Amino acid sequence: MTGTQRVGARVLLVDDDEAKRYLMGTWLRRGGHTVIEVGTGREALENAASADLVLLDVNLPDMIGYDVCRQIKDNPATASIPVVQVSATAVQVSDRAKGLTQGADAYLTDPNEPEELLAVVMAALRYSRARQRAERTASLLTALTGVALDINAAETFDGLARAAAAGAARIFAAQAVLVIEMPDGQVRRTSASPEQPEPRQRGGPPA
């Protein structure tokens with residue numbers, strides 16, 4: 001495992017076959033993952049939000065795995081979590097196609113080898129993490145654009161300080177303090193935080 005790869009993902013393993021669940025859980029734990037084991041579709045939906053990846057059997061006692069996957073993907077709180085479907089019986093091309101069109105990120109047929117299982121899990125996690133990084137980057141660029149517009153729109157030094165402090169707090173999700181020495185020699189201290197986004201100013205009269 002290289003230094004650029006993260007290990008220790010939380011994998012939700014959904015299968016009603018205890019022996020199969022034990023075997024696959026053992027492989028995943030040996031691969032460095034934390035495993036949450038459940039045996040029904042209802043339990044899968046209840047625990048999906050706490051997982052980094054869902055390993056989902058197609059044939060469950062209370063729900064079809066395809067429907068569980070669709071509900072996971074339809075829920076905004078869990079839509080970005082990768083789902084790998086697994087089946088020992090639904091192994092035809094049409095079965096795999098159905099699983100993928102219902103939102104699965106990958107589809108494995110049983111029996112499979114530990115190397116294949118771990119490789120598919122890591123590939124799905126890599127893709128998910130890359131997408132999350134891209135989304136965070138896009139969100140940051142949007143925030144930077146907004147801050148730049150607010151700064152450019154400022155008509156006074158005090159307004160500039162307020163826009164800069166509020167923007168820094170929003171971008172870094174932490175308290176930001178800006179100290180400016182004004183042309184008349186006065187020092188302005190402007191602070192903002194995610195909890196108090198409205199900037200507070202000390203050291204001179206407000207603009």
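Residues numbered from 1 in each chain as written. Predicted model: local features only at pLDDT ≥ 70, side-chain atom pairs only at ≥ 80, totals over all residues. Heavy atoms only, no water.

### What to know about the overall build of the protein chain
- A tally of helices and strands in the protein chain yields six helices and eight strands.
- Its helices and strands taken in sequence order, the protein chain reads β-α-β-α-β-α-β-α-β-α-α-β-β-β from the N to the C terminus.
- The C-alpha radius of gyration of the protein chain comes to 25 Å, more than 25% above the 17 Å expected for a compact globule of 207 residues.
- Principal-axis analysis of the C-alpha atoms gives the protein chain an extent of 80 × 30 × 25 Å.
- A total of 207 residues make up the protein chain; the buried ones form 39% of that total.
- Counting contacts in the protein chain only where the partners sit at least 6 residues apart, residues at least 24 apart contribute 52% of the total. (Helix = DSSP H or I, 4+ residues; strand = E, 2+ residues; numbered from the N terminus. Rg over C-alpha atoms; globule rule 2.2 N^0.38 Å. Buried < 20%, exposed > 50% of the residue type's maximum accessible area, 1.4 Å probe, protein only. Contact = heavy atoms within 4.5 Å.)

### A few points about the side chain of Thr-190
- Of note, Thr-190 is situated in strand S7 (residues 187-192).
- Note on Thr-190: relative accessible area 0%, which makes it buried.
- Beyond its immediate stretch of four places on either side in the chain, Thr-190 contacts Ala-161, Arg-162, Ala-165, Ala-176, Val-177, Leu-178, Pro-199, Arg-200 and Gln-201.

### Some remarks on the sheet that holds strand S2 (residues 34-38)
- Taken together, the five strands give an open sheet; going across it, the order is S2-S1-S3-S4-S5, and neighbouring strands pair in parallel fashion. Strands with a single pairing partner mark the edges of an open sheet, and in this sheet they are S2 and strand S5 (106-109). Geometrically, the sheet is characterised by an average inter-axis angle of 20 degrees between neighbouring strands, direction not taken into account.
- As judged from the four bridges shared by strand S1 (residues 10-14) and strand S3 (residues 53-57), these two strands associate in the parallel manner. Each residue of the ladder has a partner; that of Val-14, found in S3, is Leu-56.
- Running over the sheet, helix H1 (residues 18-30) touches S1, S2, S3 and strand S4 (83-87) and is turned about 165 degrees from S2. (Pairing = 2+ DSSP bridges. Axes fitted to C-alpha atoms, helices over the stretch in contact; angles between N-to-C directions.)

### Thoughts on the sheet that holds strand S6 (residues 176-181)
- With antiparallel pairing, the three strands of this open sheet are ordered in space as S6-S7-S8. Each end of this open sheet is capped by a strand with a single partner; those strands are S6 and strand S8 (200-202). With strand direction ignored, the average angle separating the axes of adjacent strands in the sheet is 20 degrees.
- Where helix H6 (residues 157-172) meets the sheet, its contacts fall on S6, S7 and S8, and the angle it forms with S7 comes to roughly 30 degrees.

### Examining the packing of H1 against helix H5 (residues 114-153)
- Here H1 crosses H5 at 65 degrees, and the two axes come no closer than 10 Å. As for how H1 packs across H5, the hand of that crossing is right-handed. On H5, the residues that touch Met-24, Trp-27 and Leu-28 of H1 are Pro-114, Leu-117, Leu-118 and Val-121.
- Split into classes, the residues belonging to the contact of H1 with H5 amount to seven nonpolar, no polar and no charged. (Left-handed = near helix turned anticlockwise from the far one by under 90°. Nonpolar A, V, L, I, M, F, W, Y, C, P; charged D, E, K, R; others polar.)

### Quick word on the pairing of S5
- The pairing of S4 with S5 spans four bridges and is parallel. In the sheet register, Gln-85 faces S5, and the bridge partner there is Tyr-107.
- Taken together, S4, helix H4 (residues 93-101) and S5 constitute a β-α-β crossover, and its handedness is right-handed. (Right-handed = clockwise from strand over helix to strand, strands pointing away.)

### Quick notes on the nonpolar core
- Counting residues in each nonpolar core, the largest one holds 18 residues, and the members touching the most others are Leu-28, Leu-53, Leu-55, Val-84 and Leu-117.
- Contributions of two or more residues to this core are made by S1, H1, S3, S4, S5 and H5.
- The element that contributes the greatest number of residues to this core is H5, accounting for five residues.
- Those residues within four positions of Leu-53 in sequence are excluded, and the remaining contacts are Arg-10, Val-11, Leu-12, Ile-81, Pro-82, Val-84, Val-121, Ala-124 and Leu-125. (Core = buried A, V, L, I, M, F, W, Y, C linked by side-chain atoms within 4.5 Å.)

Note that all results are geometric; they support no functional claim without further evidence.
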